[in-house]
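The lines below spell out each chain.
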Amino acid sequence: MAIEPLSMTRPLPSPPAPPTLFCLPYAGGAAGAYYGLRGVSDTVEVVPIQLPGRENRIAEPPEFSVPEIADEIAPRTGRPYALYGHSMGARIAFEVARELRRRGLPPPLRLYAAAAHPPDRRVPLAAAADLPDDAFVDQLVRRAGAPAELKDIPELRELLLPVLRADFAWIKRYRYVPGPPLEVPVVAFAGLDDGEVPPGDMLGWARHTRAGFGLRTLRGGHFFLRDAPAELARLIAEDLSGPSDPASGPPSAEDDEIRIRVAPAGDRSAPPPGDEDGPVDGYPGVPGGGAGRLSRSVDRADGLVAEAVIRGGAVGVAVGRLETRAPDDGAEELREPSSGGGLGPGEWEQIADAAEEDRPWLALRAQTARRALLHAGARDLAASGFPDLAAPGSWHVGGDWWITHLSLPTPLGEAVAAIAAPRGRMRLRADIRTGR
């Protein structure tokens, strides 16, 4: 008796359709800005949302509303999807996610927020909306990376200025209405050279989700979407095909990237047990994790666990919660820097001269920076004092070492993490547990 081929008697199941990535544009941008994301991966379907007044909708007035955008996306929420917004588009995507939640529709797999201040924070560049045309364009070119041709090509200016004016009017009018955090993981993308929205500012998006937060920095400025679309598309495709929570899964590290994870002790997303600092031989889940190629640092304090991984160099990490710091109490301990938790020469004076509400924050910056240096093996530097505890940006210490502070919202409260590494301008990959 002949056996018929399986394909003739029982059709093979069709592979699941890839998730849809709905993309919202930056101010003055259009759907064409996202064409560079297409074709990089067949695991994501990129669907740019075209707002009025742009490209094929140029004849329409350039005004839009969140409910109208939600109307366009709502019919396609029955299959897996994610939202991506760049700059202004990140706030639109956030509000669209909240609008879809109000309608009781399935939530997105992810909210990707790129190059945007968190919705509860003011956008400094929004003040430019009231400037005359020449000054308005100058601000966009100098601060946000808009094309310099806006200054010199009248036809381009005539085409884009009405859209830019309308978009910046929306940004200026926008007011965040407090509400429950999203039950959707949020992944923030930041340009390493973005002076308008630096990577540290993007960490504030963690306050708007209970489902885990991730930060990824890319090479480029405010418009890394335009400069490095293939890298961005790869990161999104890898994220959507990985764990459902960006704060879970094994760490990884590239040559110019530091990976950091922070979670409550005992949490399922917390780094694995062990206090090892230094080279890691075959670290689980890290491609190419041979001996001497990866370094790992772990710190446990105030109920939190922090882990940093770097390839091809030393690294140290430390973490602490603001709520546990009272620099006016236990002064003797704070005066002893040799323990790694105290204050060094000149630091106590800085804290004593600061406003009372700033003292816990300044003390924690000093203490975590010192412990991070100790974890990295830079003991001599750890014993010296830091001259300006309130200095923004990374601290350059001892000639070769850099310390980066991160302000982190965690389930246990506001925390500060410090990362010490002998190289500056490192890209950062941070994952933070935000839900209890």
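Residues numbered from 1 in each chain as written. Predicted model: local features only at pLDDT ≥ 70, side-chain atom pairs only at ≥ 80, totals over all residues. Heavy atoms only, no water.

Asks: Can you help me understand the overall build of the protein in this one?
Replies: When helices and strands are counted, the protein shows 13 helices and 15 strands. By the burial criterion, 54% of the 436 residues in the protein qualify as buried. Restricting to contacts in the protein with at least 6 residues of sequence separation, those with at least 24 account for 68%. Summed over all atoms, the accessible surface of the protein reaches about 19100 Å², with 55% contributed by carbon and sulfur. (Helix = DSSP H or I, 4+ residues; strand = E, 2+ residues; numbered from the N terminus. Buried < 20%, exposed > 50% of the residue type's maximum accessible area, 1.4 Å probe, protein only. Contact = heavy atoms within 4.5 Å. Areas by Shrake-Rupley, 256 points an atom, 1.4 Å probe, with all protein chains shown as cover.)

Asks: Just to check I follow, could you spell out the packing of aromatic side chains for this structure?
Replies: Both the distance between ring centres and the angle between the ring planes are used here to describe each pair of aromatic rings. Applying the stated rule across the entire model yields eleven aromatic pairs. Ring centres 4.7 Å apart and planes at 70 degrees place the aromatic pair Tyr26 and Phe223 in the edge-to-face group. Here Tyr26, found in the loop between strand E1 (20–24) and strand E2 (45–48), pairs with Phe223, found in the loop between strand E6 (213–218) and helix H8 (224–227); they are 197 residues apart in sequence, far enough to count as distant. Per residue, the accessibility class of Tyr26 equals that of Phe223, and both read buried. On the numbers, 6.3 Å between centres and 35 degrees between planes, the contact of Phe94 with Tyr176 is tilted. Taken together, the positions of Phe94 in helix H3 (residues 88–102) and Tyr176 in the loop between helix H6 (154–173) and strand E5 (186–191) put the pair 82 residues apart, joining distant regions of the chain. The structure contains a cluster of three or more aromatic residues connected by ring pairs, namely Tyr34, Tyr84, Tyr112 and Phe189. Here Arg165 stacks its cationic end above the ring of Phe136, 4.3 Å away from the centre of that ring. (Phe/Tyr/Trp six-rings, centres within 6.5 Å; stacked < 30°, edge-to-face > 60°. Lys NZ or Arg CZ within 6 Å of the ring centre and 35° of its normal.)

Asks: Whenever I open this one, the sheet that holds strand E12 (residues 395–397) confuses me. Can you help?
Replies: Across a sheet, paired strands are connected by hydrogen bonds in the backbone, their directions being either parallel or antiparallel. Taken in spatial order, the four strands make up an open sheet running E11-E14-E13-E12, and their pairing is antiparallel. Looking along the sheet, the strands with just one partner apiece sit at the ends: strand E11 (316–321) and E12. Here the strands of the sheet are splayed against their neighbours by 25 degrees on average, with no regard to which way each runs. Here E11 runs beside strand E14 (residues 413–421); their pairing, made up of six bridges, is antiparallel. Following the sheet pairing, Arg321 is matched in E14 by Ala415. Against the sheet, helix H12 (residues 359–375) makes contact with E11, E12, strand E13 (401–410) and E14, and its axis sits at roughly 150 degrees relative to E11, the strand it touches most. (Pairing = 2+ DSSP bridges. Axes fitted to C-alpha atoms, helices over the stretch in contact; angles between N-to-C directions.)

Asks: How do you make sense of unusual backbone geometry when you look at a structure like this?
Replies: It is generally the case that most residues other than glycine have a negative phi and that most peptide bonds are trans. Here Glu55, not a glycine, exhibits a phi torsion of approximately 45 degrees, which is positive. Its place among the elements puts Glu55 in the loop between E2 and helix H2 (66–73).

Asks: I tried to follow H3 on my own but got confused; where do I start?
Replies: Counting along an α-helix, one turn takes 3.6 residues, and residues three or four places apart therefore face a common direction. Taking 1.5 Å per residue as the helical rise, H3 with its 15 residues ought to reach 21 Å, and the 22 Å between its terminal C-alpha atoms agrees with that figure. Counting buried positions over the 15 residues of H3 gives 13, a clear majority of the element. Once H3 finishes, Gly104 follows within two positions and takes phi at roughly 75 degrees, a positive value. (Expected span 1.5 Å × (residues − 1).)

Asks: Even after reading the chapter, I still don't get empty space enclosed by the protein, so can you show me in this structure?
Replies: Empty space among the atoms can be located by rolling a probe the size of a water molecule over them. Taken as a whole and judged by the stated rule, the model has one cavity of 30 Å³ or more. Taken as a whole, the largest cavity spans an internal volume of roughly 60 Å³. Around the largest cavity, the lining residues are Leu21, Leu37, Ser41, Val44, Val46, Ala233, Ile236 and Ala237. Considering each element in turn, the lining of the largest cavity owes the most residues, three residues, to helix H9 (residues 229–240). Residue composition of the lining of the largest cavity, by class: seven nonpolar, one polar and no charged. (1 Å grid on protein atoms, 1.4 Å probe; cavity = no way out; pocket = protein on both sides within 12 Å on 5 of 7 lines; lining within 4 Å. Points joined across faces, edges and corners; volume = space filled by probe spheres on them. Nonpolar A, V, L, I, M, F, W, Y, C, P; charged D, E, K, R; others polar.)

Asks: Sorry, what's going on with H9 here?
Replies: The first and last C-alpha atoms of H9 sit 16 Å apart over twelve residues, in line with the 16 Å expected at 1.5 Å per residue. Those residues of H9 that fall on the buried side of the exposure criterion are Glu231, Leu232, Ala233, Leu235, Ile236, Ala237, Asp239 and Leu240.

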